[in-house]
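# Secondary and tertiary structure notes
Given next are the chains, with one letter for each unit.
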Amino acid sequence: AAANPESAANPEAAANPESDGRPRDVVAAAVIDRDRVLLAQRAHPAALAGKWELPGGRVEAGETHAQALVREIREELGAEVEAGDGIGTPVALPNGLTLHAYRARLRSGTPAALEHLEMRWFTAAELRALDAEDVVPADRGWIPDLCRALEET
Ligand code: 523
């Protein structure tokens, strides 16, 4: 399904294939635990290194967004999550990919920065205090959505 700019992403959406067969969808997890959300600092590429993001990565052929999210969090943070509803609006990336964010809940394991420079739990107040420059550009617009999600829990 194509990204609908008016609504949150659908966790059961099938991958949206590129001409080479590789999905062009990227999923990102808003792992929320009580009043905090997990952000991770990218290690690469250089332009994004040191900036905070919702962890995630590209959907592989044959995966749903929810499956890709669970796999990416297992690979990147060593924890098991359950994917929830979409959050925020999908973002068109400059490279032709589309980035979709989903809520996620921890099921087991303790997240650790296995592929990121650092990970940290942020409250809404801490998210608002972040300098936009320190957030990956595509993720910046989600800060108000994340704050709302944290404050409604
Ligand atoms: N983003 C992004 N924000 C964000 C994620 C998870 C990804 O802007 N929260 C962008 C960065 C890249 C693209 O999405 O342009 C792919 O993300 P990446 O590199 O984390 O995913 P991988 O490792 O699955 O990608 P490949 O190396 O291409 O397989």
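Structure: above.
None of these values were measured; they are calculated from a predicted model.

In total, this model carries one aromatic pair according to the counting rule given. For the ring pair tryptophan 52 and phenylalanine 122, a centre distance of 5.1 Å and an interplane angle of 80° mean the geometry is edge-to-face. Of the two residues, tryptophan 52 sits in strand E3 (residues 52–53) while phenylalanine 122 sits in strand E8 (residues 118–122), which places them 70 residues apart along the sequence. Residue phenylalanine 122 is classed as buried on the basis of its relative accessible area, which comes to 3%.

Most of strand E1 (residues 25–33) sits out of view: eight of its nine residues are buried. When E1 meets strand E7 (residues 98–108), the two strands line up parallel, connected through seven bridges. For valine 27, the partnering residue across the bridge sits in E7 and is histidine 100. Sheet topology places E1 next to strand E4 (residues 56–58); three bridges connect them, and they run antiparallel. Residue pairing for E4: valine 26 is matched across the bridge by arginine 58. Pairing of E1 with strand E2 (residues 36–41), which is carried by two bridges, proceeds in the antiparallel orientation. Of the residues in E2, the one forming a bridge with aspartate 33 is arginine 36. As consecutive antiparallel partners, E1 and E2 are separated by two residues, and within that stretch arginine 34 has a phi angle of approximately 50°, a positive value.

Before going further, it helps to spend a moment on the pattern of salt bridges. Evaluated as defined, the whole model comprises 12 salt bridges. Arginine 71 serves as the salt-bridge partner of glutamate 75, at 3.4 Å between the closest nitrogen and oxygen. Here glutamate 75 pairs with arginine 71, and both are found in helix H1 (residues 65–77), just four residues apart, close to one helical turn. Assessed through its relative accessible area of 37%, glutamate 75 is described here as partly exposed. Under the relative-accessibility criterion, arginine 71 is labelled buried at 13%. With its nearest N and O atoms 3.2 Å apart, the salt bridge here joins glutamate 118 to arginine 120. Arginine 120 gets classed as partly exposed once you look at its relative accessible area, which sits at 39%.

Procedures and definitions
- Chains are numbered independently. Their residues run from 1 in the order of the written sequence.
- Selection of residues for local features in this predicted model requires a pLDDT of at least 70, selection of side-chain atom pairs for listing and counting requires 80 or more, and totals for whole chains, interfaces and linings are taken over all residues.
- Working from all heavy atoms in the structure, the side-chain values ignore hydrogens and water.
- Each aromatic pair joins two rings of Phe, Tyr and Trp (for Trp, the six-membered one) with centres within 6.5 Å, and gets the label stacked for planes under 30 degrees apart, edge-to-face for over 60, and tilted for any other angle.
- Helix and strand assignments follow DSSP, with helices taken as H or I runs no shorter than four residues and strands as E runs no shorter than two, numbered in order from the N terminus.
- Exposed residues in this analysis have more than 50% of their type's maximum accessible area, buried residues have under 20%, and partly exposed residues fall in between, with area computed by a 1.4 Å probe over protein chains only.
- Following DSSP output, two strands are said to pair if at least two bridges run between them.
- By convention in these notes, a salt bridge is any Lys or Arg side-chain nitrogen within 4 Å of a carboxyl oxygen on Asp or Glu.

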